[in-house]
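# Understanding the architecture of this molecule
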Amino acid sequence: MERSKALEDDYISPGLEVISLDGAFPNMIVGTKSSNMWPYLRREIGHHWYVDRRNPTVGFLSRDEAMLLFNIARQHFGKPCLEIGCWRGWSTAHMALGAGNLEVIDPVLADPEFSKDVAQSLQRAGAGSSVVLHVGSSPDMVVQLSEETGKRWSLVFIDGDHEGDAPRLDAEVVHRYAGEDAAILLHDLTSPYVATALAWLRDHGWTTAIYQTMQIMGIAVRGVVKPVAHLPDPRQRWTLPRHLASFPVIGETRGLRLRRIVTDIEGQPPEPETEMANSGLDVLSDADAKALDALLAWVADSLEHRHEIAIAFDELQARYLRLLDRLATREAEPDLSQEFSRLQAKHLEALSRGADLEYQLDAVQSESEAVAEQLRQEREVTRGLVVERDLLTKMLDRVQRKHVEVLGHLSRLQARCSQADVQAEPARRISEALAQAALAAEHSVELRVAIDRFASWMARKRVLFGLSRRLLAGRTKEVQGLIEHNLRVSGVPDSLIPAAIWLARMRVVLGLARRCALADVLSAQGHLVLSLERSFDISWVGTHYAMAQGAAAAPMRTTELNLRDQVGELENQLRAAQKRFAALEAAKLADEKALLEADLTIVRLQKPQEAQVS
Ligand SMILES: C[S@@+](CC[C@H](N)C(=O)[O-])C[C@H]1O[C@@H](n2cnc3c(N)ncnc32)[C@H](O)[C@@H]1O
């Protein structure tokens, strides 16, 4: 759409100074109202709804509204002016050009691209140098800015957050920082939330009115400031939301007001005749006009009040329906009393467990106290033990030093012992030889006893003659058996018996018998003893003794006196043995002599027998 055509195409109240800034906003287009979901957008009003093509759901001021803002701003030229909510800068440009200066607050300016775009548009509109953009949100940013600059605002345009309490909070903060002579303009009073802000200002001393524009603007003034005149578009069938019924509409004739109120009450416009009649209302006398205005104000108030009651009723009904719903849901739920009993039982159980736990806690506490006491005692004992340990450690040190000393002694003693061992070696050898000699002497004594026993048996005449007779009769085996048997019973070991078998020879037996007969039994016995000792070779007693004698030649230790004793005893035994040996030697010589004589006798005895045989 061409710019000039756009202006022609749209409504602007007569009496307003007009400017065209469309060229500064190349992305501005006429938006599609039907595609917008906001419930307070007046789609039925035949004025253009402008948007930015990049964000087609967010609307700008309509052209009539923008001109109104520009004209109101002109009233405040050079005075502190503030805008809350600039969006793409359309309203900002109009306000800034009217007032010549402007502070702007909008959180959307935090986006650098967005902020840059706004600044460029303002530049194009020729308002760049008049505007300061602030990133932030009302009401906090309003407080900060007002406090920092100390400004008291002459004109504030509020078109920021439209929801909930936000518009009222904006109004409250602006009221606090507005000058004595000031105007506050609000956009979108179609929304009851924004209307609440205007009502709040009215309640706080501001004179309020509304402009019948596409989205309805509200104005609150105080001091010398008067609202700019405005004529609502006569081509539109204006209505007013019930929440605004009590506010005067700027530029609305008494007839139009009556028509609007009747339409509101009856739900349809009045008859044309009535409308005709109403046209005369604007030329009433002052008294009548005042009375009619009071009546219309009262009707409007009651309409708004009825509206408030209706809203309250609607809310109550909605609550009532929600409660019914909840009740129905509750009834559909399973029996809660059972669940309650179960929970109560659990609660009781938890209580009793709690009591148990408390009891256990008490027990644990007293136990821990006892343990602490025990620990304290043990600590004392430990302290005593530590003292004792220190003493023992010192003693141990002393003992260890002593031990080292003793070890030194011991090693010296060991060295001396090794030396003594070397010295004792000859004595040990003597001792061994003497032990051997003693053993041999012991054995020889036993054997000698056995030899003596056997000799006393065999040297008997009866035995010798018996044996001789058997031998002469050729019974040699029998004689051997007898001799073996008697050797064994006399105590001669079996191993030595073969060495004595010569006793069974005829010559030996007859020789003994002859010795027995010619000399005596003792002679035969002595002969037998000597012969058997030779056969059994018991002369080794002497060998061992000689070895001991040889070893004794080596130096001996004075400490081995006991060995000396043993040696002395053995020497005694040796001497006794030598004595006996000498006796036996003498007996042997006698025997030799007797044997020779016996041989002669035997020869003599045998000669007559041989002579008889021959
Ligand atoms: C509908 S737009 C304003 C349109 C603009 N006045 C125009 O006609 O060109 C609403 C703006 O209010 C801003 N806004 C929302 N909450 C705000 C707040 N708490 N303080 C300041 N601005 C806010 C949004 O970012 C958005 O830019």
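Relevant structure appears above.
Overview of the structure. (Residues numbered from 1 in each chain as written. Predicted model: local features only at pLDDT ≥ 70, side-chain atom pairs only at ≥ 80, totals over all residues.)

### So, the overall build of the protein chain
- When helices and strands are counted, the protein chain shows 17 helices and eleven strands.
- Buried positions account for 29% of the 614 residues belonging to the protein chain.
- Restricting the contact set of the protein chain to residue pairs at least 6 apart, pairs at least 24 apart contribute 71%. (Helix = DSSP H or I, 4+ residues; strand = E, 2+ residues; numbered from the N terminus. Buried ≥ 20, exposed ≤ 12 C-beta atoms within 10 Å, placed from the backbone. Contact = placed C-beta atoms within 7 Å.)

### Re the sheet that holds strand S6 (residues 131-134)
- Taken in spatial order, the eight strands of this open sheet run S6-S5-S4-S7-S8-S10-S9-S11, and their pairing is mixed. Because the sheet does not close on itself, it has two edges, and the strands there are S6 and strand S11 (249-250).
- For strand S9 (residues 207-211) and S11, the ladder comprises two bridges, and the chain directions are parallel. What sits directly across from Tyr211, in S11, is Ile250.
- Seen against the sheet, helix H7 (residues 192-203) touches strand S8 (178-187), S9 and strand S10 (217-222) and runs at an angle of roughly 160° to S8. (Pairing = 2+ DSSP bridges. Axes fitted to C-alpha atoms, helices over the stretch in contact; angles between N-to-C directions.)

### A word on the packing of helix H8 (residues 254-266) against helix H10 (residues 286-332)
- Taken N-terminus to C-terminus, the directions of H8 and H10 make an angle of 30°; their axes are 11 Å apart at the nearest point. It follows that H8 is roughly parallel to H10 by the angle criterion. Viewed along their axes, H8 and H10 form a crossing whose handedness is left-handed. The residues of H10 that touch H8, namely those facing Arg254, Arg257, Leu258, Ile261 and Asp264, are Ala289, Leu292, Leu296, Val299, Ala300 and Leu303.
- Of the residues in the contact of H8 with H10, the class split is eight nonpolar, no polar and three charged. (Parallel < 35°, antiparallel > 145°, perpendicular 65-115°, else oblique. Left-handed = near helix turned anticlockwise from the far one by under 90°. Nonpolar A, V, L, I, M, F, W, Y, C, P; charged D, E, K, R; others polar.)

### Regarding the site of the ligand
- Residues in contact with the ligand amount to 19 residues; listed here are only the nearest, Gly85, Trp90, Ser91, Gly160 and Asp161.
- Partitioning the shell around the ligand into residue classes produces ten nonpolar, five polar and four charged. (Near = placed C-beta within 6 Å.)

### Some points on the packing of helix H3 (residues 90-99) against helix H4 (residues 112-125)
- Here H3 crosses H4 at 45°, and the two axes come no closer than 10 Å. Classed by the angle they form, the pair H3 and H4 counts as oblique. The crossing of H3 and H4 is right-handed. On H4, the residues touching Thr92, Ala93, Ala96 and Leu97 of H3 are Ser121, Leu122 and Ala125.
- Class assignment of the residues belonging to the contact of H3 with H4 gives a composition of five nonpolar, two polar and no charged.

### Thoughts on the sheet that holds strand S1 (residues 28-30)
- In space, the three strands of this open sheet follow the order S1-S2-S3, with antiparallel pairing throughout. In the strand order of this sheet, the two ends are held by S1 and strand S3 (55-59), each with one partner. Across this sheet, the average inter-strand angle for adjacent strands is 45°, counted without regard to direction.
- Bridge count for strand S2 (residues 50-52) against S3 is two bridges, and the pairing is antiparallel. Within S3, the position partnered with Asp52 by the bridge is Asn55.

### A word on the environment of Asp22
- Tracing the chain through its elements places Asp22 in the loop between helix H1 (3-9) and S1.
- For Asp22 and Arg124, which are 102 residues apart along the polypeptide, the C-alpha to C-alpha distance reads 10.0 Å.

### Brief notes about H10
- Between its first and last C-alpha atoms H10 spans 67 Å; for 47 residues at 1.5 Å apiece the expected length is 69 Å, and the two agree.
- Counting buried positions over the 47 residues of H10 gives two, only a small fraction of the element. (Expected span 1.5 Å × (residues − 1).)

### Considering the pairing of S10
- Among the six residues of S10, five are classified as buried, and the element is accordingly described as predominantly covered.
- Looking at chain direction, S8 and S10 are connected through six bridges and run antiparallel. In the sheet register, Ile184 faces S10, and the bridge partner there is Ala220.
- Here five bridges tie S9 to S10, and the two strands are oriented antiparallel to one another. Residue pairing across strands places Tyr211 opposite Met217, the latter belonging to S10.
- In textbook terms, the turn of a hairpin is the stretch between consecutive antiparallel strands, and for S9 and S10 this stretch comprises five residues, one of which, Ile216, has a positive phi near 65°.

### Here's the deal with unusual backbone geometry
- That bond from Ser138 to Pro139 is cis: its omega, 5°, falls within 30 degrees of zero.
- Considering the arrangement of structural elements, one finds Pro139 in the loop between S6 and helix H5 (140-149).
- Its identity is not glycine, yet Trp87 carries a phi of approximately 50°, on the positive side.
- Tracing the sequence through the fold places Trp87 in the loop between strand S4 (81-84) and H3.
- The class of Trp87 is buried, set by 21 C-beta atoms lying within 10 Å.
- A positive phi angle, near 70°, is found at Asp188, a position not held by glycine.

### Brief notes about the nonpolar core
- Ranked by internal contacts, the top residues of the largest apolar core, which has 74 residues, are Leu69, Leu155, Val174 and Ile184.
- Discounting residues that sit within four places of it in the chain, Leu155 has contacts with Ile72, Ala73, His76, Lys79, Cys81, Ala99, Ala182 and Ala183.
- Of all hydrophobic cores here, the second largest spans 25 residues; its members include Ile451, Ile483, Leu528 and Leu532. (Core = buried A, V, L, I, M, F, W, Y, C linked by C-beta atoms within 7 Å.)

### Thoughts on the environment of Ser137
- You can see Ser137 is positioned in the loop between S6 and H5.
- With 19 C-beta atoms packed within 10 Å, Ser137 lands in the partly exposed category.
- For the pair Ser137 and Gly85, spaced 52 residues apart in sequence, the C-alpha to C-alpha distance is 8.7 Å.

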